[in-house]
Amino acid sequence: MTTERNPWPALYALVIGFFMILLDTTIVAVANPVIMADLDTSISNVIWVTSAYLLTYAVPLLVSGRLGDRFGPKNMYLLGLAVFTLASLGCGLAGSIGVLIAARAVQGLGAALMNPQTMSVITRTFPPDKRGAAMGLWGGVAGLATLVGPILGGVLVDNVGWQWIFYVNVPVGAVAFVAAAWLVPALPTSAHKFDIPGVIMSGIGLTALVYGLQQGNSYHWAGWVWGLIAGGIVVLGGFLVYQGRTVSEPLMPLRLFKDRNFTLSSVAVMSMGASITAFMLPTFFFLQVVLGFSPTKAGLVLAPMPVVTGFLAPILGRISDQLNVRIIPTFGFVLFAGTLAWFATLVKPETSVAALMLPMALSGVANACIWPPLAAIATHNLPMQLAGAGSGVFNEMRQVGAVIGSAAMSALVTARLAAHGIEGGGAPAGANTKLPAALVHPFSSALGDSMYLPVAILIIGIVASFLFASRPGGTVVASTPLEETNVDRS
């Protein structure tokens, strides 16, 4: 059921905060070399500034969607926004890497409370035949925020210091709070039980897996590291088994996955989250440490991607309602994988800026083809009572992908640096300075090798989007309500 009021003003208010929390998943990437030098730490440690945020963002997402159903999406969004904004202030004031990582973890908790509420409000206030346009805006903001982070981060780092990539959230958070309090409606709530064992199992499993992946090279892949990774996988497997046997409001209702397109969209968005975060780390070390670019110049190299994405995403969101649902996202994933592979071949000291910017422009087209359709396809068949749970699961999959992508890339970069004779996993030059001549080629070769990881991850998205169920003309295959069992799987 939709509300009587026009739902668009509420969506405009929500996407201000939504943009901000997704911006913070990538804005740190361009500041990593500067933070590493300023706080006198290593690559492995500075990557935790991003991974801590992604981890505490990902783990509570499943339950935060349910909290929105129980206490109202507006209330949970405002609570999360307040936590996020105050934690941003703490990040800017941090004087050590440990304090910064801790403040980023609190930031992630605030973001986790906010994120599912945006998608839930769309699902509950827009009818299915109008949801593509709304999800076009939502998906466009998601892609744009993820991609524009490094550009804004570069400008701030160069002109006012890395602390301002966090301070800037304070006034924006205040504006977003007032706008949401004024424009977002108070939607009906429903009583829920909360799956505490599920929260604990998913948190332990994901934390163990990510920590093992990210710290493996630091401990030379000792037996206990492999045990931690295996243990995390086992616990996550046990979590899924437990969810399948829980009849009273499981944290992750597996019946959601009876809808083929919801399942495939969740898999596809997980690959997208992993590939984006995995792409950012080697890219900015290459631009700043190998080519000697300033943070601003490094960010501007990626500028064509968010510009093109922001322009095309709303248009493609509307078009996706009219076409066969496979066409646009499959094309987008193929194009994105191709452009990242092209970019990987350009990770060389002699590459020009113009050569790097062309694949970035095409990547913008690809992102615009991916984010809006995935969100619209995932939510098309969700009943109102599963809006919070469904949005929580969809966003959880993206964030799980992001945190695993970050951890995996950290391990791969460290390993490739060692393979090319650069031990210790640290950049051998300070921020914003070029490497000694003898190290330029091995360092760039190690980063170039690592760039093929996001390309491989995107193959999962290609397969998932190609398998979307649809009828000629673009209509998503209708399924019976998810409470029933005979969901169309054609």
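One numbering rule holds for all chains: residues counted from 1, following each sequence as written. The model is predicted, so local features are restricted to residues of pLDDT at least 70 and side-chain atom pairs to those at 80 or more, both for listing and for counting; the totals for chains, interfaces and linings are taken over all residues. Only hydrogens and water are set aside when side-chain values are computed; all heavy atoms of the structure are taken into account.

As annotated in an unreviewed UniProt entry, the chain carries the name DHA2 family efflux MFS transporter permease subunit and is attributed to Antrihabitans cavernicola. UniProt positions are given in the numbering used here, feature names are shortened, and annotations may be inferred rather than shown by experiment. For the record of the chain, the UniProt heading Sequence similarities (unreviewed entry) holds the text "Belongs to the major facilitator superfamily. EmrB family."

## Digging into the overall build of the chain
Secondary structure summary: the chain contains 19 helices and zero strands in total. With a 1.4 Å probe rolled over the protein chains alone, any residue whose accessible area is under 20% of its type maximum counts as buried; one over 50% counts as exposed, and the rest are partly exposed. The 490 residues of the chain split such that 60% are buried. Summarising the internal contacts of the chain: among those between residues at least 6 apart in sequence, 85% fall at separations of at least 24. Total accessible area computed for the chain in this model is approximately 17,100 Å², and 71% of it derives from carbon and sulfur atoms. Working definition: helices are DSSP H or I runs of at least four residues, strands are E runs of at least two. Numbering for both runs from the N terminus. In this analysis, two residues are considered to be in contact whenever any of their non-hydrogen atoms come within 4.5 Å of each other. Here the open area of atoms and residues is found with the Shrake-Rupley method and a 1.4 Å probe, where only the protein chains shown may cover a residue.

## With respect to the side chain of Thr-351
Tracing the chain through its elements places Thr-351 in the loop between helix H15 (327–345) and helix H16 (353–379). For Thr-351, a relative accessible area of 14% gives the class buried. Within polar-contact distance, the side chain of Thr-351 engages the backbone oxygen of Leu-346 at 2.5 Å. Excluding its chain neighbours within four sequence positions, the residues that come into contact with Thr-351 are Leu-346 and Leu-356. The definition of a polar contact used here is a pair of N or O atoms within 3.5 Å, where within protein one atom must be able to donate a hydrogen and the other to accept one, and adjacent residues in sequence count solely through side-chain atom pairs.

## Observations regarding empty space enclosed by the protein
Cavities and pockets are found on a 1 Å grid laid over the protein atoms alone: a cavity is a set of points where a 1.4 Å probe fits but cannot escape, a pocket is an open set with protein on both sides within 12 Å along at least five of seven lines, and a lining residue has an atom within 4 Å of such a point. Grid points are joined across faces, edges and corners, and a volume is the space filled by probe spheres set on the points. Here the structure, examined in full by the defined rule, presents three cavities of 30 Å³ or more. Taken together, Thr-25, Thr-26, Ala-29, Asn-32, Ile-47, Thr-50, Thr-277, Met-280, Leu-281, Gly-405, Ser-406 and Met-409 form the lining of the largest cavity. Taken together, the elements giving at least two residues each to the lining of the largest cavity come down to helix H1 (8–26), helix H3 (43–58), helix H12 (260–290) and helix H17 (387–419). Side-chain classes are defined by residue name, with Ala, Val, Leu, Ile, Met, Phe, Trp, Tyr, Cys and Pro counting as nonpolar, Asp, Glu, Lys and Arg as charged, and the others, Gly among them, as polar. The residue inventory of the lining of the largest cavity, partitioned by class, reads five nonpolar, seven polar and no charged.

## As for the nonpolar core
The definition of a nonpolar core used throughout is a set of buried Ala, Val, Leu, Ile, Met, Phe, Trp, Tyr and Cys residues joined through side-chain atoms within 4.5 Å. In terms of nonpolar packing, the biggest core is built from 142 residues, with Leu-100 and Leu-287 touching the most fellow members. When residues in this core are grouped by element, the largest group, 16 residues, is from H12. Residue ranges assigned to the domains are those given by an automatic or database domain assignment. When we break this core down by domain, the ones giving at least three residues each are domain 1 (7–186 + 249–467) and domain 2 (196–248). Setting aside its immediate chain neighbours within four residues, Leu-100 contacts Ile-35, Leu-39, Val-49, Cys-91, Ala-94, Trp-162 and Phe-166. One finds Ala-313, Ile-328, Ala-368 and Cys-369 within the second-largest nonpolar core, a separate group that totals five residues.

## A word on the pattern of salt bridges
Salt bridge criterion: a side-chain nitrogen from Lys or Arg within 4 Å of a carboxyl oxygen from Asp or Glu. A complete count under the given rule lists two salt bridges for this structure. Close ionic contact of Asp-24 with Arg-104 constitutes a salt bridge, the shortest N to O distance being 3.5 Å. Separated by 80 residues along the polypeptide, Asp-24 in helix H1 and Arg-104 in helix H6 (residues 97–125) bring together distant segments of the chain. This pair shows no difference in class: Asp-24 is buried, exactly as Arg-104 is.

## Structural notes on the confidence of the model for the chain
Confidence of the predictor in every single residue is expressed as pLDDT, which spans 0 to 100. When pLDDT is averaged along the chain, the result is 83; 89% of the residues meet or exceed 70. Here helix H7 (residues 131–159) is the element of the chain with the lowest mean pLDDT, 78, and helix H19 (residues 452–466) is the one with the highest, 96. Counting contacts from residues 428–433, a segment whose pLDDT is below 50, to residues more than four positions away or on other chains yields 16 contacts. Scored below 50 in pLDDT, residues 471–490 makes 49 contacts in the model with residues more than four places away or belonging to other chains.

## Re the environment of Ile-101
Positionally, Ile-101 belongs in helix H6. Along the chain, Ile-101 and Asn-45 lie 56 residues apart, while their C-alpha atoms are 8.9 Å from each other. In contact with Ile-101, other than residues within four places in its own chain, are Asn-45, Trp-48, Val-49 and Ala-52.

## Regarding the environment of Val-210
Following the sequence through the fold, Val-210 ends up in helix H10 (residues 196–215). Residue class for Val-210 comes out buried when judged on its relative accessible area of 0%. The spatial distance from the C-alpha of Val-210 to the C-alpha of Ala-408 is 8.1 Å, given a sequence separation of 198 residues. If near-sequence neighbours (up to four positions away) are discounted, Val-210 is found in contact with Trp-48, Leu-55, Val-403, Ile-404 and Ala-407.

## Considerations on the layout of surface pockets
The computed volume of the largest pocket comes to approximately 340 Å³. Lining the largest pocket are 16 residues, with Leu-236, Leu-240, Met-252, Met-397 and Val-400 sitting closest to its centre. Elements represented by at least two residues in the lining of the largest pocket include exactly H10, helix H11 (223–245) and H17. Looking at the lining of the largest pocket residue by residue, the class counts come to 14 nonpolar, one polar and one charged.

## So, the packing of aromatic side chains
For Phe, Tyr and Trp, where Trp contributes only its six-membered ring, two rings pair if their centres lie within 6.5 Å, and the inter-plane angle classes them as stacked under 30 degrees, edge-to-face over 60, or tilted in between. Applying the stated criterion across every chain yields a total of 11 aromatic pairs. An aromatic cluster of at least three residues, connected via ring pairs, comprises Trp-8, Tyr-12 and Phe-126. The ring of Phe-71 carries the charged tip of Arg-70 above its face, separated from the ring centre by 5.0 Å. Above the face of the Phe-293 ring, Lys-297 is positioned so that its terminal group lies 4.3 Å from the ring centre. Put simply, a charge is over a ring when the Lys NZ or the Arg CZ is close to the ring centre, within 6 Å, and near the line of the ring normal, within 35 degrees.

## Quick word on the packing of helix H18 (residues 437–450) against H19
Angles shown run from 0 to 180 degrees and are taken between the N-to-C directions of axes, each axis being a line fitted to C-alpha atoms and, for helices, limited to the stretch in contact. Packing of H18 against H19 brings their axes to within 4 Å, and their N-to-C directions diverge by 5 degrees. Between H18 and H19, the interaxial angle falls into the category roughly parallel. Of H19, the residues touching H18 (which contributes Gly-448, Asp-449 and Ser-450) are Tyr-452, Leu-453 and Pro-454. When its residues are assigned to classes, the contact of H18 with H19 shows three nonpolar, two polar and one charged. When an angle is under 35 degrees it counts as roughly parallel; over 145 it counts as roughly antiparallel; between 65 and 115 it counts as roughly perpendicular; any other value is oblique.

## Points about H18
The span one expects for a helix is its residue count, reduced by one, times 1.5 Å. Under the 1.5 Å per step criterion, the end-to-end length of H18 is 21 Å for 14 residues, consistent within 8% with the ideal 20 Å. Of all the residues in H18, the buried ones are Val-440, Pro-442, Phe-443, Ser-444, Ala-446, Leu-447, Gly-448 and Ser-450.

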